[in-house]
There are 2 protein chains.
Amino acid sequence: MENCLFCKIIKQEIPSFKVYENKHVYAFLDINAATKYHTLVIPKNHSENSFDANENDLSEVIKAVSKIMDHYKKNLGIHDIQIINSNGEIAQQDIFHTHYHIVPRYAADGKNIERNQARVPDEELEQCRSNIWTIE
Amino acid sequence: MENCLFCKIIKQEIPSFKVYENKHVYAFLDINAATKYHTLVIPKNHSENSFDANENDLSEVIKAVSKIMDHYKKNLGIHDIQIINSNGEIAQQDIFHTHYHIVPRYAADGKNIERNQARVPDEELEQCRSNIWTIE
């Protein structure tokens, strides 16, 4: 959809750090990461949120989430992950294109599933980017 | 699985307020609700969390989540919902049977996706229970 940030990311009109892609979904590192390796998974078909996304797209998203979780566990040693999907402005949705957050959690990370709190410093993000690769 | 709280709920050995059920999943109101109509959706096959749940079970869970969201929107006027799935002790998972939270959000509810904070008072929970019904 025109003027949708995530549609532009899918079309590569805006750069992103891709983690995974298939015919149905696109996954990339969240630029406003709550924790290291915070990742977003989005369906390629535009929908505002899970209320209007079709079942097949949601199913494809959750399969991709599962694949990425396995990847992070195996290759990054991440054993603790929260998945979050926000629908509606009051429910803290910021971008109105359906997206699932994959939020890795770490011992004493001080988080309590608070979005929009302190961000990971840029240098740590850079470290993440250099330490990750797309799944084939 | 023996001694799994949620397996016992599925088998009706422990009572719960059912919202939805099909061959693959069971959904019920969370007794420790973060907000009104806080609901849990679980696969009937036991798995510890999304790391070891199979793809089909996760797909069925997300379809049920979607169905329940539509139900709440249409019948309760809830337009804001967060979906949360916690995997691993550090990621604030409490019960080790895969479960997806459906957390309705309300204007000025004071939440910031904090689990294990103040609970909905019992009388409000009771009101929820009397104001809900299972989807056929």
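Structure: above.
Residues numbered from 1 in each chain as written. Chains lettered and ligands numbered in written order. Predicted model: local features only at pLDDT ≥ 70, side-chain atom pairs only at ≥ 80, totals over all residues. Heavy atoms only, no water.

Draft legend 1. Broad picture of helix α2 (residues 55-76) of chain A. Across its 22 residues, α2(A) extends 31 Å between first and last C-alpha, which sits within 8% of the 32 Å expected from 1.5 Å per residue. Looking at where α2(A) begins, the residue whose side-chain oxygen comes 3.0 Å from the main-chain nitrogen of A:Asn56 is A:Asn54. (Helix = DSSP H or I, 4+ residues; strand = E, 2+ residues; numbered from the N terminus. Expected span 1.5 Å × (residues − 1). Polar contact = N/O pair within 3.5 Å; in protein donor to acceptor, adjacent residues only side chain to side chain.)

Draft legend 2. Quick peek at the relation of the copies chain A and chain B. Superposition record for chain A on chain B: RMSD 0.0 Å, screw rotation 180°, translation along axis 0.0 Å. Expressed as a symmetry operation, the mapping of one chain copy onto the other fits a two-fold axis. A shared binding surface is used by both copies, with 100% of the interface residues of chain A retained as interface residues in chain B. (Least-squares fit on C-alpha atoms with pLDDT ≥ 70 in both. Contact = heavy atoms within 4.5 Å.)

Draft legend 3. Representation of the interface of chain A and chain B within the structure. Contacts between the two partners involve 36 residues from chain A, matched on the other side by 36 residues from chain B. Buried surface at the junction of chain A and chain B, both sides included, amounts to about 3,200 Å², of which 52% is carbon and sulfur. Summed over the three residues of chain A that lose the most area to chain B, namely A:Phe51, A:Ile90 and A:Asn112, the buried surface amounts to 20% of that side. One can count zero salt bridges joining chain A with chain B. (Buried area = accessible area lost by both parts, 1.4 Å probe. Salt bridge = Lys/Arg side-chain N within 4 Å of Asp/Glu carboxyl O.)

Draft legend 4. Inspection of the packing of α2(A) against helix α2 (residues 55-76) of chain B at higher detail. At their nearest, the axes of α2(A) and α2(B) sit 9 Å apart, and the two run at 135° to each other. The pairing of α2(A) with α2(B) is recorded here as oblique in orientation. Relative to α2(B), α2(A) is oriented so that their crossing is right-handed. In this structure, α2(A) uses A:Glu55, A:Leu58, A:Ser59, A:Ile62, A:Lys63 and A:Ser66 to contact α2(B), whose residues at the interface are B:Glu55, B:Leu58, B:Ser59, B:Ile62, B:Lys63 and B:Ser66. Considering only residue class, the contact of α2(A) with α2(B) consists of four nonpolar, four polar and four charged. (Axes fitted to C-alpha atoms, helices over the stretch in contact; angles between N-to-C directions. Parallel < 35°, antiparallel > 145°, perpendicular 65-115°, else oblique. Left-handed = near helix turned anticlockwise from the far one by under 90°. Nonpolar A, V, L, I, M, F, W, Y, C, P; charged D, E, K, R; others polar.)

Draft legend 5. Expanded view of the packing of aromatic side chains. Under the defined criterion, the tally for this structure stands at six aromatic pairs over all chains. Taken together, A:Phe6, A:Tyr26 and A:Phe28 form an aromatic cluster joined through their ring pairs. Above the ring of B:Phe51, the side-chain terminus of A:Lys73 is found at 5.0 Å from the ring centroid. (Phe/Tyr/Trp six-rings, centres within 6.5 Å; stacked < 30°, edge-to-face > 60°. Lys NZ or Arg CZ within 6 Å of the ring centre and 35° of its normal.)

Draft legend 6. Seen up close, the side chain of B:Asn87. Inspection of the secondary structure assignment puts B:Asn87 in strand β4 (residues 81-87). Owing to a relative accessible area of 0%, B:Asn87 belongs among the buried residues under this scheme. Reaching out from B:Asn87, the side chain makes a polar contact with the backbone nitrogen of B:Ser50 at a distance of 2.8 Å. In terms of polar contacts, B:Asn87 uses its side chain to reach the side chain of B:Asn85, at 2.8 Å. Sequence-distant contacts of B:Asn87, that is, excluding residues within four places in its chain, are made with A:Met69, A:His79, A:Asp80, A:Ile81, A:Ile83, B:Asn49, B:Ser50, B:Phe51 and B:Gln93. (Buried < 20%, exposed > 50% of the residue type's maximum accessible area, 1.4 Å probe, protein only.)

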